[in-house]
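# Secondary and tertiary structure notes
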Amino acid sequence: MKLNFDNRFTEELPADSQTTNQRRQVNNACFSYVAPTPVSGPKIVSVSAEAGQLIGLSDADHASTPFLEAFSGNKLLDGMKPYAMCYGGHQFGNWAGQLGDGRAINLGEVVNENRARWALQLKGAGPTPYSRTADGLAVLRSSVREYICSEAMHHLGVPTTRALSLMTTGEQVMRDMLYDGNAAYEPGAVVCRMAPSFIRFGSFQIFASRNELDELRALTQYTIRHYYPELLEQYPADESGYTKDCIVAFFSKVCDLTVTMIVDWMRVGFVHGVMNTDNMSIHGLTIDYGPYGWLDDYNPDWTPNTTDANQARYRFGDQANIALWNCYQLANALYPLIEETEQLEQILTDFQSSYSEQWQRMMATKLGLNEVMAGDSELLKQLESLLVATETDMTRFYRALAHENLDYDHFCRHGVFYQSEHSSEYKSQLEAWLTTYQTRTDGCSSSNETRFALMNSVNPKYVFRNYLAQQAIDKSENGDHSMVNELLNVLRKPYDEQPEFEVYAQKRPEWARTKVGCSMLSCSS
Ligand code: AMP
Ligand code: MG
């Protein structure tokens, strides 16, 4: 197995001068060197072949001993120089100070044959200087969730970090899953994830909060130079360094990418669950899969995160507002390099209009409309009230919509409702909406066939439903990893019919309605 490492992040950015692995505040540094903790009995649960290909690995590599040793944290490959990143963040709206990679350890950056660069990071590989009071480990339960969901999101076309491998470590890890005093041992696991970089909003915030402006500048310039190089062509650096306009343009780009990501979440029914600013990627990627969830019945007020149950700050329907709030925090962090608010404020104002425009366009494609016309926003508003009027499975509803002769019975036959009986008032409202909708689509220039194909290319048939995740976890914890691998496989083609896997397209069964792990998740992982 040969990986070509080029560790730009650690070479170009300031390191923590201390190298002992002790929990501490780390000042004036982007990262600390720290080695993964070896484990006693690593075993592969699953490898994502597509992710491996991105760094030039073959199936034979994936099955090799060096792979097992390297991606469980037991042995370093040539060129790996592991480190944990320093960042801060706002958690649930409050500034939390230094957070950092408490249980993530970066192995290095691989440059593949096409010069694409992938940072590799182990999650759950032992304590780091940023572990605070926790153990630096991860359990199989949460690792299965991160591993499959990262890959599923990629295949859905949602910007995301990737996952290369999932292994059990042979260790037992103590967790109080519901924070209710019932701690128990669970199998330990490590996921190797991949991204262009793991730089977060919080990576900038930590320097601004400490008034470490040299480091703030270094990280900002690094990020622009390597990930937004086109901005330097547009706004060349002058004798005093990168211009304010360049940094403003960088901020604007990050906002744009964030808008795109949220629109995609809304399209597929994904609720992140912990949109703290340390969980916001500077590349607009979905990152840090914790107590996330997928909408079964469409409910904009839903969050799977029990830690957030009272406030539901991170509910499905509020994700764009929260993303905007997070962008405000990034603007605050970059402000010391810009010292003018006007342009930043304008970008934040544009965030809202840009989001609502892109959201409308996205919703139009879900309905098979290739342009947004006057009256469509009313159509969308009415649809939303119908979807919440009775428990309606979001994923199944949109797939069922790509058909001719739509009426109430059609949706019953397609199993979109969680209740079997409906009032005549609801039925007539639904049918009135369907009539308006079909009149609207009759006016489209494209054929039904084309329209249905468009709809089925944005409305997935298969999503990583919460109860499916829990079933895969239950089996995996008993040593049977077949469902993890089968789900990974099905979710590679989420828009295809795949009749042999119809079972994975079923709506949430009743037993899963209130089951822990299916509809309720804590941050414990
Ligand atoms: P999260 O909410 O998972 O994004 O985590 C928030 C912060 O807590 C991050 O700095 C994590 O690195 C840290 N963290 C979460 N779980 C652990 C753990 N088991 N050990 C050490 N640090 C952790
Ligand atoms: Mg995090």
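Computed from a predicted model, the values in this text were never measured in an experiment.

### Some thoughts on the overall build of the protein chain
The secondary structure content of the protein chain amounts to 18 helices and twelve strands. At 23 Å, the protein chain has a C-alpha radius of gyration in line with the 24 Å of a compact globule built from 525 residues. Expressed as lengths along the three principal axes of its C-alpha atoms, the size of the protein chain is roughly 70 × 55 × 45 Å. The contacts of the protein chain with a sequence gap of at least 6 include a subset with a gap of at least 24, amounting to 72%. Put simply, the protein chain has 44 plus and 65 minus side-chain charges, and the middle of one group is 4 Å from the middle of the other.

### A closer look at the site of ligand 1
Close to ligand 1 lie 17 residues; G100, G102, R132, G136 and N279 are nearest. Between ligand 1 and the protein, one listed contact pairs a nitrogen atom with a backbone N or O atom of G136 at 2.8 Å. Calculation on ligand 1 without its partners gives an accessible area of 480 Å², and the protein chains cover 82% of this total. In terms of residue class, the shell around ligand 1 is made up of four nonpolar, six polar and seven charged.

### Some details on the side chain of E215
Tracing the sequence through the fold places E215 in helix α7 (residues 213–227). Side chain to side chain, E215 and N28 meet in a polar contact 3.2 Å long. Every residue in contact with E215, bar those within four places of it in the chain, is listed here: P14, N28, A29 and F207.

### A word on the domain arrangement of the protein chain
Annotation of the protein chain at the domain level lists domain 1 (8–199) and domain 2 (371–443). Taking the mean C-alpha position of each, domain 1 and domain 2 sit 43 Å from one another.

### Concerning the pairing of strand β7 (residues 117–123)
β7 sits mainly inside the fold: seven of its seven residues count as buried. Burial along β7 is two-sided: the face carrying R117, A119, Q121 and K123 and the face carrying W118, L120 and L122 are both buried. Here five bridges tie β7 to strand β10 (residues 184–195), and the two strands are oriented antiparallel to one another. Of the residues in β10, the one forming a bridge with A119 is A195.

### Some words on helix α13 (residues 394–401)
Buried residues dominate α13, accounting for eight of its eight residues. What α13 keeps buried is the set M394, T395, R396, F397, Y398, R399, A400 and L401. Those residues of α13 that are buried are in contact with α9 (244–268), α11 (342–366), α12 (376–389), α14 (408–413), α15 (424–442) and α16 (448–458).

### Observations regarding unusual backbone geometry
Phi is mostly negative for residues that are not glycine, and the peptide bonds are mostly trans. Phi at R115 is positive, roughly 70 degrees, even though this residue is not glycine. Here R115 shows up in the loop between β6 (104–111) and β7.

### What to know about the environment of F464
You can see F464 is positioned in the loop between α16 and α17 (466–477). Note on F464: relative accessible area 1%, which makes it buried. When the C-alpha atoms of F464 and P499 are compared, they prove to be 17 Å apart, with 35 residues separating the residues in sequence. Non-local contacts of F464, meaning those with residues more than four positions away in its chain, are made with R145, I148, C149, Y292, W294, A469, L487 and L491.

### Some points on the coordination of the magnesium ion (ligand 2)
Protein-derived coordination of the magnesium ion (ligand 2) comes from N279 (OD1) and D288 (OD), at a distance range of 1.9 to 2.2 Å. Using a relative accessible area of 13% as the deciding quantity, one classes D288 as buried.

What counts and what doesn't
Residues numbered from 1 in each chain as written. Chains lettered and ligands numbered in written order. Predicted model: local features only at pLDDT ≥ 70, side-chain atom pairs only at ≥ 80, totals over all residues. Heavy atoms only, no water. Helix = DSSP H or I, 4+ residues; strand = E, 2+ residues; numbered from the N terminus. Rg over C-alpha atoms; globule rule 2.2 N^0.38 Å. Contact = heavy atoms within 4.5 Å. Lys, Arg positive; Asp, Glu negative; His and termini not counted. Charge placed at Lys NZ, Arg CZ, Asp CG, Glu CD. Near = heavy atom within 4 Å. Polar contact = N/O pair within 3.5 Å; in protein donor to acceptor, adjacent residues only side chain to side chain. Areas by Shrake-Rupley, 256 points an atom, 1.4 Å probe, with all protein chains shown as cover. Nonpolar A, V, L, I, M, F, W, Y, C, P; charged D, E, K, R; others polar. Domains from an automatic or database assignment. Buried < 20%, exposed > 50% of the residue type's maximum accessible area, 1.4 Å probe, protein only. Pairing = 2+ DSSP bridges. Donors = N, O, S within 2.8 Å, 3.2 Å for Na, K, Ca; no water.

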